[in-house]
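Secondary and tertiary structure notes
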Amino acid sequence: MKHALVVGGTGMLSEVCLWLCSQNYHVSVIGRNTVKMSRLIEQVDKGKITSVLVDYNKVNLLDIHLKQTIHENGPITLVVAWVHTGGEQGLAKIIETVEQPSEPWELYHVLGSRAKLSQVKRELCIPKNCHYLQVQLGFKLEEERGRWLNNHEIAEGVIKAIQRKAPTSLVGVLEPAEFRP
Ligand SMILES: NC(=O)c1ccc[n+]([C@@H]2O[C@H](COP(=O)([O-])OP(=O)(O)OC[C@H]3O[C@@H](n4cnc5c(N)ncnc54)[C@H](OP(=O)(O)O)[C@@H]3O)[C@@H](O)[C@H]2O)c1
């Protein structure tokens, strides 16, 4: 079975975790809140999701937990990461720990509407084996106003991005800027 890691999979990426399970992935999910984690796990057959209950800012602990799930469930070949500003060290640790010289893997980096995609990419140390792809979250236009995307729209957009494998994808729109909520 293939092994995927979803960072922030108990929040807006919950539906992405469920979809990956349906695509025959074992899914390791990073989050801190045990109630949110249980709510996700109870939606799939037993053993399909491994909870990685850790604060990704605690990089030493994160490394230990990641190595454990890799040991138990095999090399990770797909990562979907929604990491808040300030969590850059956590993402760098994930990249370092997931990387395996013999195994190519994909990283879908989910980013907010203000992210500068090329700058974000430049600032990350992407190993040769890693296929790095970005999914930017914009907003939704509705009649005469803009509103933020809901969890379902975000998950749907991320799933489409994984299916398309395009280097960059946009969920919703970024223009007209004056409609930004
Ligand atoms: N452009 C847009 O339209 C847009 C963009 C962003 C967000 N939103 C909306 O705003 C809502 C709230 O956004 P949100 O950023 O709070 O997203 P969220 O996905 O609902 O929550 C953040 C996720 O990351 C995990 N997380 C956060 N910090 C962590 C840490 N230090 N270590 C480990 N895991 C961590 C959380 O788990 P724990 O709680 O267990 O730590 C949770 O799974 C979303 O649900 C979405 O609907 C819209």
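The name that an unreviewed UniProt entry assigns to the protein is Short-chain dehydrogenase, with the source organism given as Sutcliffiella horikoshii.

Turning our eyes to something else, we now look at the packing of helix α1 (residues 14–22) against helix α6 (residues 151–164). At a closest axis distance of 8 Å, the pairing of α1 and α6 adopts a crossing angle of 40°. Compared by their axis directions, α1 and α6 come out oblique. Like other packed secondary-structure pairs, α1 and α6 cross with a definite hand, here right-handed. When α1 is examined against α6, the residues Glu15, Val16 and Trp19 are found in contact with a partner set consisting of His152, Ala155, Val158, Ile159, Ile162 and Gln163. Within the contact of α1 with α6, the residues separate by chemical class into six nonpolar, two polar and one charged.

Moving on to the site of the ligand. The environment of the ligand is made up of 22 residues, and the closest members are Arg32, Asn33, Lys36, His84 and Asn151. At 3.3 Å from an oxygen atom of the ligand is found a main-chain nitrogen or oxygen belonging to Gly8. Within the side chain of Asp55, a nitrogen or oxygen atom sits 2.9 Å from a nitrogen atom of the ligand. Protein burial of the ligand: of its 880 Å² of free accessible surface, 80% is covered by the chains. For the shell around the ligand, the elements supplying multiple residues, two or more each, are β2 (25–31) and α6. Class assignment of the residues belonging to the shell around the ligand gives a composition of nine nonpolar, 10 polar and three charged.

Rules of the game
- Residues numbered from 1 in each chain as written.
- Predicted model: local features only at pLDDT ≥ 70, side-chain atom pairs only at ≥ 80, totals over all residues.
- Heavy atoms only, no water.
- Axes fitted to C-alpha atoms, helices over the stretch in contact; angles between N-to-C directions.
- Helix = DSSP H or I, 4+ residues; strand = E, 2+ residues; numbered from the N terminus.
- Parallel < 35°, antiparallel > 145°, perpendicular 65-115°, else oblique.
- Left-handed = near helix turned anticlockwise from the far one by under 90°.
- Contact = heavy atoms within 4.5 Å.
- Nonpolar A, V, L, I, M, F, W, Y, C, P; charged D, E, K, R; others polar.
- Near = heavy atom within 4 Å.
- Polar contact = N/O pair within 3.5 Å; in protein donor to acceptor, adjacent residues only side chain to side chain.
- Areas by Shrake-Rupley, 256 points an atom, 1.4 Å probe, with all protein chains shown as cover.

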